[in-house]
Amino acid sequence: MATAEADVGVIAEGGGEPAIVVDGLEKRFGTVEAVSGIGFTVAPGETFGFLGPNGAGKSTTINMLCTLLRPSGGTARVAGHDVVAERDDVRRNIGLVFQDPTLDGYLTGEQNLRFHAELYGVPRSVTADRIRQVLEMVALWDRRGDRVETYSGGMRRRLEIARGLLHSPRVLFLDEPTVGLDPQTRASIWEYIDRLKRAEQITIFMTTHYMEEAEYCDRIAIMDSGRIVALDTPAALKAEVGEDRVRIQTGDDKAALAALRDRFGIEAALHEGVVTFSVPAGEEFVPRLFAELGVAISSVSVSRPSLDDVFMAYTGTTIRDAEGSANDWMKLAARGRR
Amino acid sequence: MTATVGIRVPQRSARHDLRAVKIVLHRELLRFRRDRMRMVTGLIQPLLFLLVLGTGLSSLMPGTGAADLKTFIFPGVCAMSVMFTAMFSAGSIVWDREFGFLREMLVAPVSRGAIVVGKCLSGALVATLQGVAMLALAGLVGVPYDPVLMLGLLGMMFLGALALTGFGVMLAARIKTMQAFFGLMQMSLTPMMFLSGALYPLSGLPSWLSTITLLNPLTYIVDPMRQAVFSHVSADPAVERAFNPGVHWGDWHVPVPLQLGIVVALAAVMIGVAILEFRRGE
């Protein structure tokens, strides 16, 4: 195997070239427009999240980027390759973790990975090492010889993430990576994703409808009815929606109100012994407040607008309402079947 | 933790596709090995046909020494057993779709052809393994364990199974549920079985029925197998004429190589169509 040496080595290629470039991307199913002309760019090494209710077009978009669906219009380049014209090149450079499980329960964890390695043409000389590495990363090395059907939901997810990473993709797509898992397992999945981000140089593109998870992203795009209605860092999105609320209790409320007005130019309100006001960056403001207010402060709290507020501001509804409880039940039922 | 192993997935090549075929095959064999019950249950129906039907109907026939109805039925039952196993193997692709694993295969940077060929070969191979179990019963019906005969029979079973798995995979490209798939397979397989000469000689059939049997692909698998079996047992000419008449187009006795050629061509067409279907779909 003369080419083996050349196959192994540098993971990242092309340096500063964006990991994903999408321009005017569209998908119509009959008369229904699932994705209507979206555009965005994802930088290498970035964790980019798509946030939106079911039916917003997140999965349709991810499927187009993964070459599973042909766009009706527009272009998309992933890892430097066109998703329509250079389908195989895209596929070689991406890893996928789908919303629904795609493991063979009859095979062991290790056999599932070996299958993947062979299918992706991973050089045999490095297969065993790489399998060990990704399994250790998701803490499944000890369970490698057990059949996947004996794994818990969280373990299966982790195995799928390990498999998605096996061939050292430049972009890892995670479609609702924690859907259907309990909160504890979800948190642990995020620990693993975080760990892999430090271990591998990789761009992550994910969809989610959990607000807490969107916080892990460097940037998020809020999608609603096939359009991107907002795109920025979580902090910037929240800042745009509203400023942080600061609440203080002081020894002399009147003096505090006056000091806030005179020294900081802030109009505060007094309700039931609590002084409340808004500032752009509450946490950074608090030290200044203590240093410069000149009035004793007995307690302070800062609350940020949540992504729920952001979502509400852009779509006019909360994500839970947009989703509908019936949908959740369907998902649970579908999952229970496994 | 070991140092990061970086991997560059190679460009698509014939060698890569071959690896894909091999791993699809390997997986199916692993699953088959895990599923020993399948092999055992797969033997029950043919055993019933062979012993109950064969013995029961033998009492209607004149005593004929070494070769009797069971000898006649044996190749037919072998073929049937292999066909049913092949059908289940082809069903595994529908199963894979239902459990999501098909998606893992279809998004890989390999040709769809490699996946389809891997599936068909593995289906045929698993069915042939079932055939090995069937052939182990040869002694029960007075068929000698001659290595040449056994290998010949296995080869023919493999060809037949390949054609049928190809047919199944072709259907599976379109049919998305297990129920519909097995319903359709059962519907096509049962008449094929009864109209193939597997269970009774085709020589005495009315002409409309005998025309149908000539259009039935299974006929061209069962007859070469039977001719092979009869060439290794001593049967008196009258029995041989009744039980091993061969296949005739009009008055022309269709030679075995041509019959097998038909099966090979059929397998090629089925697999070809299956590949096209999977390329187009999804």
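Keep in mind the model is a prediction, meaning the values are calculated, not measured.

### Side note on the sheet that holds strand S13 (residues 274–279) of chain A
Residue and element names in this part refer to chain A.
Then, number 1: Pairing is antiparallel across the open sheet formed by four strands, whose spatial order is S12-S13-S11-S14. A single partner strand is all that each edge strand has here, and the edge strands are strand S12 (269–271) and strand S14 (297–303). Across the sheet, the mean angle from the axis of one strand to that of its neighbour is 25°, orientation sign disregarded.
Then, number 2: Bridge analysis of S12 against S13 gives three bridges, and the strand direction is antiparallel. The residue bridging Ala269 from the neighbouring strand is Thr276, located in S13.
Then, number 3: The sheet strands contacting helix H10 (residues 253–264) are strand S11 (244–250), S12 and S13, and the helix crosses S13 at an angle near 15°.
Then, number 4: Of the strands in this sheet, S11, S13 and S14 are in contact with helix H11 (residues 282–292), which crosses S14 at around 165°.

### Looking at the pairing of strand S9 (residues 219–224) of chain A
Then, number 1: Note: strand S3 (residues 47–51) of chain A against S9(A), four bridges, orientation parallel. Residue pairing for S9(A): Gly49(A) is matched across the bridge by Ile220(A).

### Some details on unusual backbone geometry
All names here are of chain A.
Then, number 1: Even without being a glycine, Glu176 presents a positive backbone phi close to 50°.
Then, number 2: Backbone geometry places Ser225, a non-glycine residue, at a positive phi of 50°.
Then, number 3: Mapped onto the elements of the fold, Ser225 is located in the loop between S9 and strand S10 (227–232).
Then, number 4: Since its relative accessible area comes to 53%, Ser225 is described here as exposed.

### Section: the interface of chain A and chain B
Then, number 1: In this assembly, 51 residues from chain A lie in contact with 36 residues from chain B.
Then, number 2: Ranking the residues of chain A by area buried against chain B places Arg92(A), Phe115(A) and Leu119(A) at the top, with a combined share of 17%.
Then, number 3: Applying the counting criterion to the chain A and chain B interface returns four salt bridges.
Then, number 4: A salt bridge links Arg31(B) to Asp104(A); the shortest N-O distance between them is 2.7 Å.
Then, number 5: Across the chain A-chain B interface, the total number found is 11 residue pairs in polar contact (both at pLDDT 80 or more).
Then, number 6: Only helix H3 (87–92), helix H4 (109–119) and helix H5 (124–137) of chain A provide two or more residues apiece to the side of chain A that touches chain B.
Then, number 7: The element that contributes the greatest number of residues to the side of chain A that touches chain B is H4(A), accounting for eight residues.
Then, number 8: When the residues that make up the side of chain A that touches chain B are grouped by side-chain class, the tally is 21 nonpolar, 12 polar and 18 charged.

### Brief notes about the domain arrangement of chain A
Then, number 1: Examined at the domain level, chain A breaks down into domain 1 (20–233) and domain 2 (243–303).
Then, number 2: A separation of 44 Å is found between the C-alpha centroids of domain 1 of chain A and domain 2 of chain A.

### Side note on the sheet that holds strand S2 (residues 32–42) of chain A
All names here are of chain A.
Then, number 1: Read across the open sheet, the four strands follow the order S2-S1-S4-S5; overall the sheet is antiparallel. The open sheet has two edge strands with one neighbour each: S2 and strand S5 (81–82).
Then, number 2: Across two bridges, the pairing between strand S4 (residues 73–78) and S5 is antiparallel. Bridge pairing links Arg77 to Asp82 in S5.

### Here's the deal with the nonpolar core
Then, number 1: Core analysis: the biggest nonpolar cluster contains 163 residues, and Ile20(A), Phe40(A), Leu65(A), Val78(A), Phe173(A) and Phe205(A) have the highest contact counts within it.
Then, number 2: Per element, the largest residue contribution to this core is 16 residues, and it comes from helix H3 (residues 69–98) of chain B.
Then, number 3: With sequence-adjacent residues up to four places away left out, Val78(A) is seen in contact with Ala19(A), Ile20(A), Leu65(A), Val83(A), Val90(A), Ile94(A), Val171(A) and Phe173(A).
Then, number 4: Within the second largest apolar cluster, 17 residues are counted, among which are Ala259(A), Ala268(A), Phe277(A) and Val295(A).

### Some words on the packing of helix H2 (residues 36–58) of chain B against H3(B)
To characterise two packed helices, one gives the angle between the axes of the helices and the distance between these axes.
All names here are of chain B.
Then, number 1: At a closest axis distance of 9 Å, the pairing of H2 and H3 adopts a crossing angle of 155°. The angle between H2 and H3 falls in the class roughly antiparallel. Relative to H3, the crossing made by H2 is right-handed. Residues Arg38, Gly42, Gln45, Pro46, Phe49, Leu50, Leu53, Gly54, Thr55, Leu57 and Ser58 of H2 pack against Leu69, Lys70, Ile73, Phe74, Val77, Met80, Ser81, Phe84 and Ser89 of H3.
Then, number 2: Residue composition of the contact of H2 with H3, by class: 11 nonpolar, seven polar and two charged.

Conventions and cut-offs
Residues numbered from 1 in each chain as written. Chains lettered and ligands numbered in written order. Predicted model: local features only at pLDDT ≥ 70, side-chain atom pairs only at ≥ 80, totals over all residues. Heavy atoms only, no water. Pairing = 2+ DSSP bridges. Helix = DSSP H or I, 4+ residues; strand = E, 2+ residues; numbered from the N terminus. Axes fitted to C-alpha atoms, helices over the stretch in contact; angles between N-to-C directions. Contact = heavy atoms within 4.5 Å. Buried < 20%, exposed > 50% of the residue type's maximum accessible area, 1.4 Å probe, protein only. Buried area = accessible area lost by both parts, 1.4 Å probe. Salt bridge = Lys/Arg side-chain N within 4 Å of Asp/Glu carboxyl O. Polar contact = N/O pair within 3.5 Å; in protein donor to acceptor, adjacent residues only side chain to side chain. Nonpolar A, V, L, I, M, F, W, Y, C, P; charged D, E, K, R; others polar. Domains from an automatic or database assignment. Core = buried A, V, L, I, M, F, W, Y, C linked by side-chain atoms within 4.5 Å. Parallel < 35°, antiparallel > 145°, perpendicular 65-115°, else oblique. Left-handed = near helix turned anticlockwise from the far one by under 90°.

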